[in-house]
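What follows is each chain in one-letter form.
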Amino acid sequence: MAGQETGERIGALLDELARQAGPEARDVADELVRCLMEFYGEGLARTVRLLRSAPKGADPLAVLTADELVSDLLILHDLHPEDTATRVGRALDKVRPYLGSHAGDVEVAGLDMEAADGPTLHLRLRGSCDGCPSSTQTVRWTIEEAVARIAPEVAHIEVEGMAAESPQPALLQILPHRPDDAPGEAAPSAEPGEAARWYELGPRSLPVGDGETGVTEVAGRTLLLVRLPGQLYAYRDRCPLCAAGLAPAVLDGELLRCAGCGAAFDVRRAGRGDRGHLDPVPLLEENGSVRVALPGELLGAGP
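No experiment lies behind these values; they were computed from the predicted model shown.

Sorry, what's going on with the pairing of strand β7 (residues 221-228) here?
Two faces make up the sheet, and in a regular strand the side chains alternate between them. Counting buried positions over the eight residues of β7 gives seven, a clear majority of the element. Bridge count between strand β6 (residues 212-218) and β7: seven bridges; the pairing is antiparallel. Residue pairing in the sheet places E212 in a bridge with R227 of β7. Hairpin remark: β6 followed by β7, antiparallel, with two residues in the connecting loop; positive phi at A219, about 50 degrees. Bridge count for β7 against strand β8 (residues 231-236) is six bridges, and the pairing is antiparallel.

What follows is the structure in structure tokens.
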């Protein structure tokens, strides 16, 4: 069907909807059409820009699939060159360094594209979290976000080994929206399975060199950022032993020493210490972008 004919058909359907359901329904439908036009229009614009600026000899499909919006459009119309399993594998590769900070790893136990409730990914964690509730939660948020970004068609994730106290795999819901759509305020508490709220950090808030630390405000919460070789980490800015802020803490190799009580915490191992445990915050760093997730539990906590 040609473009003009398609436009005429849409207009006729909108008119028919107004006659049958009234003007309010027509207004909603008009807004839906506008949103779809903007979505596809931006996708086409990006496609043209990407192909025009692509280096000579670059694979056009590789250039297009590297862009999240264009990739989503290709997935939506079953045109993406990589199948779901391949993209899930890439997503998990992105979170493995973060899982390593929790002394764990993840493997695919199965992918059911024909599940009654929608495509379901089955994952198995190995040696992760050490039974720490905060680590368990941050691992969950990070896996959800990584998969949602690269394989958005996956409707559910079931993860074995998330929490020792639960004999059944925990059902995790994929995020329904992108981080920049997240509301500015969060609920005061988090229930199991509730989607995290992701926020992108500005470049000025990030520590640049290895061994540097910094603090930043996100949705009213103060976070401590620590950059070690090969990885950036985020923690709640609070010592679990003396409740002091960690901004003046001293980084001794991979150990963060609280300036208030002298307690040491292993930055690479999810903030573990001899007498306490820092509160880790999920963080994903890729293509120059850094995003953190703030579960409701963290947002509702005290300073």
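Back to the write-up after that little detour.
Sorry, what's going on with the sheet that holds strand β10 (residues 255-257) here?
What links the strands of a sheet is backbone hydrogen bonding, and the strands pair in either a parallel or an antiparallel sense. Reading across from one edge, β9-β10-β11-β12 is the order of the four strands in this open sheet, with antiparallel pairing throughout. Where the open sheet ends on each side, the last strands, each with one partner, are β9 (250-252) and β12 (272-273). Bridge analysis of β9 against β10 gives three bridges, and the strand direction is antiparallel. From the neighbouring strand, L251 faces β10, where its bridge partner is L256.

Would you explain the environment of Y233 in this entry?
Along the chain, Y233 turns up in strand β8. A polar contact is formed between the side chain of Y233 and the side chain of R268, at a distance of 3.0 Å.

It is not clear to me how helix α2 (residues 23-53) should be interpreted in this structure. Could you clarify?
An α-helix turns once every 3.6 residues. As a result, residues three or four positions apart point the same way. The terminal C-alpha atoms of α2 lie 45 Å apart, and with 31 residues this matches the ideal 45 Å at 1.5 Å per residue to within 8%. Those residues of α2 that sit buried are A29, D30 and G43.

Explanation requested: the side chain of R291 in the structure shown.
Looking at the element boundaries, R291 is found in strand β14 (residues 289-294). What makes R291 buried here is its relative accessible area of 3%. Of the polar contacts made by the side chain of R291, one reaches the side chain of E145; its length is 2.2 Å.

Looking at this model, I keep getting lost on the sheet that holds β6. Mind explaining?
Pairing is antiparallel across the open sheet formed by three strands, whose spatial order is β6-β7-β8. Where the open sheet ends on each side, the last strands, each with one partner, are β6 and β8. Strand-to-strand twist across the sheet, computed as the mean angle between neighbouring axes with direction ignored, equals 25 degrees.

What should I look at first to understand the pattern of salt bridges in this one?
When charged atoms on two side chains of opposite charge get close, those side chains can pair. For the structure on display, the rule yields 18 salt bridges. A salt bridge links E16 to R19, with the nearest nitrogen and oxygen atoms 2.6 Å apart. Placement of both E16 and R19 in helix α1 (residues 3-21) is noted, with a separation of three residues, approximately one turn of the helix. In this structure R19 comes out as exposed when scored by relative accessible area, which is 61%. Across the pair E145 and R149 runs a salt bridge, and its minimum N-O distance is 2.9 Å. Here E145 and its partner R149 are both found in helix α6 (residues 133-150), four residues apart, which amounts to about one turn of the helix. Each of E42, R46, R49 and D67 takes part in salt bridges that share partners, so that together they form one network.

The rules behind each value
Residues numbered from 1 in each chain as written. Predicted model: local features only at pLDDT ≥ 70, side-chain atom pairs only at ≥ 80, totals over all residues. Heavy atoms only, no water. Buried < 20%, exposed > 50% of the residue type's maximum accessible area, 1.4 Å probe, protein only. Helix = DSSP H or I, 4+ residues; strand = E, 2+ residues; numbered from the N terminus. Pairing = 2+ DSSP bridges. Polar contact = N/O pair within 3.5 Å; in protein donor to acceptor, adjacent residues only side chain to side chain. Expected span 1.5 Å × (residues − 1). Axes fitted to C-alpha atoms, helices over the stretch in contact; angles between N-to-C directions. Salt bridge = Lys/Arg side-chain N within 4 Å of Asp/Glu carboxyl O.

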